[in-house]
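# Observations on the three-dimensional arrangement
Chain residues, written in single-letter form:
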Amino acid sequence: EGYAMLMQDADPAHQKEYAEKILYSTRRLGDLVNNILLLSKVENQTIPTEKTPYRLDEQLRHALLLLERKWTEKELELDLDLAPVTYTGNESLMLHVWTNLIDNAIKFNEKGGLLRLSLTEENNCALIKVADSGAGMTEEEISHIFDRFNQADGSHRSEGNGLGLALTQRIVSLSGGEISVESTPGHGSCFTVSLPES
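On to the sheet that holds strand β5 (residues 125–132). Within a sheet, each strand pairs with its neighbour through backbone hydrogen bonds, oriented either parallel or antiparallel. A sheet is described by the order of its strands in space; here 5 strands give the open sequence β2-β4-β5-β7-β6, paired in mixed fashion. Only two strands of the sheet have a single partner each, and these edge strands are β2 (77–82) and β6 (178–183). Direction aside, neighbouring strands of the sheet carry axes that sit 10 degrees apart on average. Sheet topology note: the β2/strand β4 (residues 114–122) ladder contains 6 bridges and is parallel. Counted as the bridge partner of L80 is L117 from β4.

On any regular strand, side chains alternate: one points to one face of the sheet, the next to the other face. Across 8 bridges, β4 lies against β5 in antiparallel orientation. Across the sheet, residue E121 finds its bridge partner in β5, namely A126.

To continue, consider the packing of helix α5 (residues 91–107) against helix α7 (residues 164–174). Angle between the axes and distance between the axes are the two parameters that describe a pair of packed helices. Where α5 contacts α7, the two axes come as close as 9 Å, and the packing angle between them is 140 degrees. Considering their axes alone, α5 and α7 lie oblique with respect to each other. Pair α5 / α7 crosses with left-handed handedness. Contact residues: L93, M94, H96, V97, N100, L101 and N104 in α5; G164, L165, L167, T168, I171 and V172 in α7. Partitioning the contact of α5 with α7 into residue classes produces 8 nonpolar, 5 polar and no charged.

Our focus in this paragraph is the packing of helix α3 (residues 56–66) against α5. At their nearest, the axes of α3 and α5 sit 9 Å apart, and the two run at 50 degrees to each other. It follows from the interaxial angle that α3 and α5 lie oblique. As α3 runs across α5, the sense of the crossing is right-handed. Across from L56, Q59, L60, H62, A63, L64 and L66 in α3, the residues of α5 making contact are E91, M94, L95, W98, T99 and I102. In terms of residue class, the contact of α3 with α5 is built from 9 nonpolar, 3 polar and 1 charged.

Here the focus is the confidence of the model for the chain. On average, the chain scores 84 in pLDDT, and the residues at 70 or more come to 81%. In this model, residues 154–158 is a region of pLDDT below 50 whose contacts with residues beyond four sequence positions or in other chains number 7 contacts.

About the cut-offs
Residues numbered from 1 in each chain as written. Predicted model: local features only at pLDDT ≥ 70, side-chain atom pairs only at ≥ 80, totals over all residues. Heavy atoms only, no water. Pairing = 2+ DSSP bridges. Helix = DSSP H or I, 4+ residues; strand = E, 2+ residues; numbered from the N terminus. Axes fitted to C-alpha atoms, helices over the stretch in contact; angles between N-to-C directions. Parallel < 35°, antiparallel > 145°, perpendicular 65-115°, else oblique. Left-handed = near helix turned anticlockwise from the far one by under 90°. Contact = heavy atoms within 4.5 Å. Nonpolar A, V, L, I, M, F, W, Y, C, P; charged D, E, K, R; others polar. pLDDT = per-residue confidence, 0-100.

This is the structure in C-alpha cells:
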C-alpha cells in the first residue's frame, strides 16, 4: 500500500521500482493465501482425494524441472537416483509435496552446492529422499520444523511464509505416509518421505 501511494507522485524511474516491489509483495501474499486455503482443505479433508496410479519417478523429475530456473541460478550440482516406481495416490497433492521439499533444498543450499534426490522401494513403501549440502539445522530448529508459520532461518524469511512444511507433513500423513528429517549444522539436511504402495 505504501509503495502504491508513493507511485502516484513518483517520477517514471521510481515508478518501475515501486511497481516491481508491489508485484513481488502481491505474489507473496497470493502464495500465503493459497497455502492457508490448501492447508485448511487438507486438514478438514474437504479436498478431493482421488487416487490414481502414476509414475512417481516421473513426477519427481517434473517437480525438479518446474524449479529449474532456481537451481540453475544457484549453480547446484544434481545427484539423481530415481528407480521406476508406480504409486497410487493424489497426483496434484503429491506434486505440492515434492516442489516444496525441492524448493527448500534449493533455498537453503549454498551456491554451487549439492542437491540429492533419490527414490527407492523398501518393504512395500516408496522412499523419497531430498537432501541439500547447506547450513543444516540444530536439534531445536528440527523440533519446530513442521510447525505452522515456522521459519527457522531468518535470512530466508522474505522467500516464504512458514506454511510449506506444515502443509507437506499434512498431505503425507493424509496419504498414509511419514516424513522425517535428519540434519546437522554445517552439513545440510535430508528429508525422507515414506509412502505405502498398497
